[in-house]
Amino acid sequence: MSVFLAILKWIGIVLGGILGLLLFLVVLLLFVPARYYLQGTNAGDKVNYSYRVSWLFRMVEVRKGKNAQAVRLYLFGIPIRRFSGKEESDTEGNEKTENQQEKEECAKRKPGQKKTSRVPVEEKQKKDFQAKHKKVKKKKAKGQRKEKTKKSFSFERVSSIIRFVRDMENRRAFKKIRKELYMLLRYLSPYRVKGQFVIGTGDPSTTGLLFGGISLLPFAYHDGVHIAPDFEKKVFQAEGYMKGRIRVLYLIRLIIRVYRDRELRMLWKNINQVKEKEAA
């Protein structure tokens, strides 16, 4: 009997340790913020950027280098998985093999002999025919899309959307959504930003409207941020970095708050009813 009780005791200790560890991990996940870092430069058509999202003193990290194409997952600084992008060495190897093949063909050719094309004439004709066929298909698809957009537009639909937006209950719900989005953007905004930006759309009026929208963003008022408009040329030049943090607890509270709001649930119900009426 004492042996059986000792076994139960050790099983309870192990289960308690596992539950305590899980509870500790949940607390860490809720209260320890995930930190992000973004750096980039843009000069002309070339854009170079790098970013890093880390958690728990960079024990878990997702990283992309400035001159790399691959996005990698790191655990304790050890690369575990590649999410996207190709290896740079693979592309270099392919280029080398193609160059080697060309050199071998040049060595095999006799002096004065011209380089023969690899693709026969029939294959070239087939490729030209397929390319023309694809262009015709694209033109037909564009014409069909234009006809659909013309048919889908109607004044009754526009008036129903206006009535839906002007409804008092829906207006209160839209105000709440705008408030929640503003608070979310304010929370997600970086706490440290440094950079220099030159932005121009080529039209003075649209450039002024764009900078009016930028003035509403909190990061535009950081000390290290310098944003200059260009009212004459269409240009976008940027160089800088930003740091920020996100807590999962805030996102969970936001989801619960939105889900429990009666007016937001009614707005979602009204949107579905409008969709069903349009489908019918």
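Keep in mind it's a predicted model, so treat the numbers as computed, not measured.

Visitor: Report on unusual backbone geometry, specifying residues and quantitative values.
Guide: The bulk of non-glycine residues show a negative phi, and the bulk of peptide bonds are trans. With phi around 60°, Leu 56 is a residue other than glycine that occupies positive phi space. Looking at the element boundaries, Leu 56 is found in the loop between β2 (46-55) and β3 (60-64). A positive phi angle is found at Phe 76, which is not glycine, with a value near 55°. For Phe 76, the position within the fold is in the loop between β4 (71-75) and β5 (78-84).

Visitor: Give a description of the pairing of strand β6 (residues 192-201) that names residues and reports values.
Guide: Note: β6 against strand β8 (residues 234-246), 10 bridges, orientation antiparallel. Residue pairing for β8: Gly 200 is matched across the bridge by Val 235. The handedness of the β6 to strand β7 (residues 224-229) crossover, carried by helix α6 (residues 204-214), is right-handed.

Visitor: Give a description of the side chain of Asp 230 that names residues and reports values.
Guide: Relative to the helices and strands, Asp 230 is located in the loop between β7 and β8. No salt bridge is formed by the buried Asp 230. Its closest oppositely charged neighbour is Lys 233, at 4.4 Å. Polar contacts involving the side chain of Asp 230 include one to the main-chain amide nitrogen of Glu 232, which spans 3.1 Å. Polar contacts involving the side chain of Asp 230 include one to the main-chain amide nitrogen of Lys 233, which spans 3.3 Å. In contact with Asp 230, not counting residues within four places along its chain, are Val 198, Ile 199, Gly 200, Thr 201, Thr 207 and Val 235.

Visitor: Break down the packing of helix α5 (residues 168-188) against helix α7 (residues 248-260) for me, with residues and values.
Guide: Where α5 contacts α7, the axes come no closer than 12 Å and their chain directions differ by 175°. As judged from the angle between their axes, α5 and α7 are roughly antiparallel. Contacts between α5 and α7 pair Glu 180, Met 183, Leu 184 and Tyr 187 from the former with Tyr 250, Leu 251, Leu 254 and Arg 257 from the latter. Residues of the contact of α5 with α7, tallied by class, amount to six nonpolar, no polar and two charged.

Visitor: Which residues make up the layout of surface pockets, and what values go with them?
Guide: Computed from the structure, the largest pocket encloses a volume of approximately 330 Å³. In this structure, the largest pocket is lined by 21 residues; those nearest its centre are Leu 38, Gly 40, Phe 197, Ala 238 and Met 242. Elements with a contribution of two residues or more to the lining of the largest pocket: β1 (34-43), β2, β6 and β8. Here the element with the most residues in the lining of the largest pocket is β8; it accounts for six residues. Among the residues forming the lining of the largest pocket, the class breakdown is 13 nonpolar, six polar and two charged.

Cut-offs used in this document
- Residues numbered from 1 in each chain as written.
- Predicted model: local features only at pLDDT ≥ 70, side-chain atom pairs only at ≥ 80, totals over all residues.
- Heavy atoms only, no water.
- Helix = DSSP H or I, 4+ residues; strand = E, 2+ residues; numbered from the N terminus.
- Pairing = 2+ DSSP bridges.
- Right-handed = clockwise from strand over helix to strand, strands pointing away.
- Buried < 20%, exposed > 50% of the residue type's maximum accessible area, 1.4 Å probe, protein only.
- Lys, Arg positive; Asp, Glu negative; His and termini not counted.
- Salt bridge = Lys/Arg side-chain N within 4 Å of Asp/Glu carboxyl O.
- Polar contact = N/O pair within 3.5 Å; in protein donor to acceptor, adjacent residues only side chain to side chain.
- Contact = heavy atoms within 4.5 Å.
- Axes fitted to C-alpha atoms, helices over the stretch in contact; angles between N-to-C directions.
- Parallel < 35°, antiparallel > 145°, perpendicular 65-115°, else oblique.
- Nonpolar A, V, L, I, M, F, W, Y, C, P; charged D, E, K, R; others polar.
- 1 Å grid on protein atoms, 1.4 Å probe; cavity = no way out; pocket = protein on both sides within 12 Å on 5 of 7 lines; lining within 4 Å.
- Points joined across faces, edges and corners; volume = space filled by probe spheres on them.

Worth remembering: the numbers are spatial, not functional.
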